[in-house]
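# Structural characterization, general
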Amino acid sequence: MAARIIDGKAIAAKVRQEIADEVSEFKAQHGVSPGITVVIVGDDPASHVYVRNKERAAQQVGMEGDVIKLPSGTSQEQLLQTVRELNADPAMHGILVQIPLPDHLDEDAVVRAIDPRKDVDGLHPENVGLLFGGQTRFAPATPQGVQRILVEEGVEVRGSHVVIVGRSNLVGKPLAGLLLGRGKGANATVTVCHTGTKDLGAETRRADVLVSATGIPGSITGDMVKPSAVVIDVGTTRVPDASKKSGYRLVGDVVFDEVAEVASAITPVPGGVGPMTIAMLLHNVLQAAKASVA
Ligand SMILES: NC(=O)c1ccc[n+]([C@@H]2O[C@H](COP(=O)([O-])OP(=O)(O)OC[C@H]3O[C@@H](n4cnc5c(N)ncnc54)[C@H](OP(=O)(O)O)[C@@H]3O)[C@@H](O)[C@H]2O)c1
């Protein structure tokens, strides 16, 4: 295997330690703890696991981490009322409504109801606009995690050609916005691919840094990667696995063994981008708390 395997867990641990240090400084200075409330509607087991992990991670760095669990029959108005109450609560600096919501609820309307200064998911239109305008307030956590991995690994992003496969509002588009910026870990030439891209392999083979976020296991093969490229696999798909206690395992988009022969560095799944997501969410909560006292 030629590629260096990027240890996302270790980078995330470093980021969390930095945040824990800053949180204790913040508390000492201002006498308040940065706080995040996660709102979850319904009983999707995977979402409950994610929410518990976020609550625990917040508490581990010294933040207030709360969860509001609402039944699956919650009405749009009840959910909006919960959001309004959190908007008005000065002890809560970050609000996150766990997505996906049950079908009868309008996700976009809920995101728009969150006070943009507490929108630590970075999905409110005001925050999307600020990111693309070069004045980022909150970038969504996963793309921020990808950028931080590149910085921590010493990957030269400036002037590089980054190809992103996937154009979701959560990953592909905000990552393009971040890497098009002028700061550290940015200034790249960015191509964003999707299902309308004519010849995906021709695009990905031009990448110095290839980021895949399709959610389709096996969609990036060795012949799609330029020798010595850096490959970041955002994809996380549960596939049944009877040998696991949980009954499933997580796989990425990338055919790991094949691509690791060609790339110079690669993130594994699990243990690559995944751990960075919660770390960068905590980073956003800390930024929200700092802004609230500025
Ligand atoms: N590690 C983490 O913390 C984390 C966080 C967020 C997401 N994820 C994972 O990342 C993956 C993507 O998430 P998402 O929310 O961005 O998913 P999404 O909303 O389903 O978007 C997938 C994107 O991939 C594109 N795509 C799918 N198949 C393709 C193909 N064969 N060729 C080219 N483009 C293709 C789609 O194109 P169209 O737009 O044309 O349909 C779409 O833009 C999922 O596996 C998700 O679980 C992981």
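One numbering rule holds for all chains: residues counted from 1, following each sequence as written. Restriction of local features to residues with pLDDT of at least 70 applies here, the model being predicted, together with a cutoff of 80 or more for giving and counting side-chain atom pairs; totals for whole chains, interfaces and linings are based on all residues. Excluding hydrogens and water, the side-chain figures rest on all heavy atoms present in the structure.

### Here we look at the overall build of the protein
For the protein, the count of helices and strands is ten helices and eleven strands. Atoms counted for the radius of gyration: C-alpha only. Globule rule: 2.2 Å times the number of residues to the power 0.38. Against the 2.2 N^0.38 benchmark of 19 Å for 294 residues, the protein shows a C-alpha radius of gyration of 19 Å, consistent with a compact globule. Along the first, second and third principal axes, the C-alpha set of the protein runs to 50 × 40 × 35 Å. Considering the protein as a whole, with its 294 residues, one finds that 49% of them fall into the buried category. Pairs at least 24 residues apart make up 69% of the contacts formed inside the protein by residues separated by at least 6 positions. Charge assignment in this entry is limited to Lys and Arg as positive and Asp and Glu as negative, and neither His nor the chain termini are counted. In plain terms, the charge of a residue is placed at NZ if it is Lys, CZ if Arg, CG if Asp and CD if Glu. Between the centroid of the 29 positive side chains of the protein and the centroid of its 34 negative side chains there is a distance of 2 Å. Put simply, DSSP H or I for four residues or longer makes a helix, DSSP E for two residues or longer makes a strand, and each gets a number counted from the N terminus. Note on exposure labels: buried denotes an accessible area under 20% of the residue type's maximum, exposed denotes more than 50%, and partly exposed covers the range between, all computed with a 1.4 Å probe on protein chains only. By definition in these notes, contact holds between two residues if any of their heavy atoms fall within 4.5 Å.

### Topic: the side chain of K118
Among the secondary structure elements, K118 is positioned in the loop between α4 (107-113) and α5 (125-132). For K118, which is buried and forms no salt bridge, the nearest opposite charge comes from D115, at a distance of 5.6 Å. In protein, a polar contact requires one atom able to donate a hydrogen and another able to accept it; more generally it is a pair of N or O atoms within 3.5 Å, and residues adjacent in sequence count only if both atoms are side-chain atoms. A distance of 2.9 Å separates a polar atom in the side chain of K118 from the backbone oxygen of M92. Setting aside anything within four residues of it in sequence, one finds K118 in contact with L86, N87, A88, D89, M92, H93, G94, I95 and F138. Any carboxyl oxygen of Asp or Glu within 4 Å of a side-chain nitrogen of Lys or Arg constitutes a salt bridge here.

### A short note on the site of the ligand
When at least one non-hydrogen atom of a residue lies within 4 Å of a molecule or strand, that residue is treated as near it. Taken together, 18 residues sit near the ligand, with R167, S168, T195, T236 and T277 positioned nearest. One nitrogen or oxygen atom from the side chain of T195 is found 2.4 Å from an oxygen atom belonging to the ligand. Side-chain polar atom of T277 to an oxygen atom of the ligand: 2.7 Å apart, as the coordinates give it. Contact with the protein chains hides 68% of the accessible area of the ligand, taken as 910 Å² for the molecule alone. Working definition of accessibility: Shrake-Rupley area with a 1.4 Å probe, residue cover restricted to the visible protein chains.

### Section: the packing of aromatic side chains
Only Phe, Tyr and Trp rings are paired, with Trp represented by its six-membered ring, and only when their centres lie within 6.5 Å; those with planes under 30 degrees apart are stacked, over 60 edge-to-face, the remainder tilted. On inspection of all chains with the given rule, the structure shows zero aromatic pairs. Look at NZ for Lys and CZ for Arg. If either is within 6 Å of the ring centre and within 35 degrees of the ring normal, a charge sits over the ring. A cation sits over an aromatic face here: R238 above Y248, 3.9 Å from the ring centre.

### Quick notes on the sheet that holds strand β2 (residues 35-41)
The pairing of strands in a sheet comes from backbone hydrogen bonds and takes either a parallel or an antiparallel form. Pairing is parallel across the open sheet formed by three strands, whose spatial order is β3-β2-β4. Edge positions in the open sheet fall to β3 (64-70) and β4 (94-97), since each of these has one partner strand only. Strand after strand, the sheet turns through a mean of 15 degrees between neighbouring axes, direction not considered. Alignment of β2 against β4, held across four bridges, turns out to be parallel. For I36, the partnering residue across the bridge sits in β4 and is G94. Any two strands are treated as partners once DSSP identifies two or more bridges connecting them. Think of each axis as a best-fit line through the C-alpha atoms, taken over the contacting stretch in the case of a helix, with angles from 0 to 180 degrees between the N-to-C directions.

### Focus: a negative patch on the surface
The patches reported here contain residues having more than 30% relative accessible area and no salt bridge. Joining distances are 9 Å for like charges and 5 Å for nonpolar side chains (Val, Leu, Ile, Met, Phe, Trp, Tyr). A grouping of D223, D257, E258 and E261 is seen on the molecular surface, where their side chains present a negatively charged patch. In this fold, D257 is placed in helix α9 (residues 256-260).

### Focus: helix α10 (residues 274-293)
Here α10 spans 31 Å end to end across 20 residues, near enough to the 28 Å set by a 1.5 Å rise per residue. The set of residues buried in α10 consists of M276, I278, A279, M280, L281, L282, N284, V285, L286, A288 and A289. On its buried face, α10 sits against α1 (8-30), β2, α2 (45-60), β4 and α6 (141-152). Residue count minus one, scaled by 1.5 Å, sets the expected span of a helix.

### Details of the sheet that holds strand β8 (residues 230-233)
The six strands lie next to each other as β1-β11-β8-β7-β5-β6, forming an open sheet whose pairing is parallel. Edge positions in the sheet fall to β1 (4-5) and β6 (189-193), since each of these pairs with one other strand and no more. Across four bridges, the pairing between strand β7 (residues 209-212) and β8 is parallel. The residue bridging V209 from the neighbouring strand is V230, located in β8. On top of the sheet, α6 reaches β7 and β8; it is set at about 150 degrees to β8, its chief contact.

### Here we look at the domain arrangement of the protein
The start and end points of each domain follow an automatic or database-based domain assignment. In terms of domains, the protein is made up of domain 1 (31-115) and domain 2 (141-274). The straight-line distance from the C-alpha centre of domain 1 to that of domain 2 is 28 Å.

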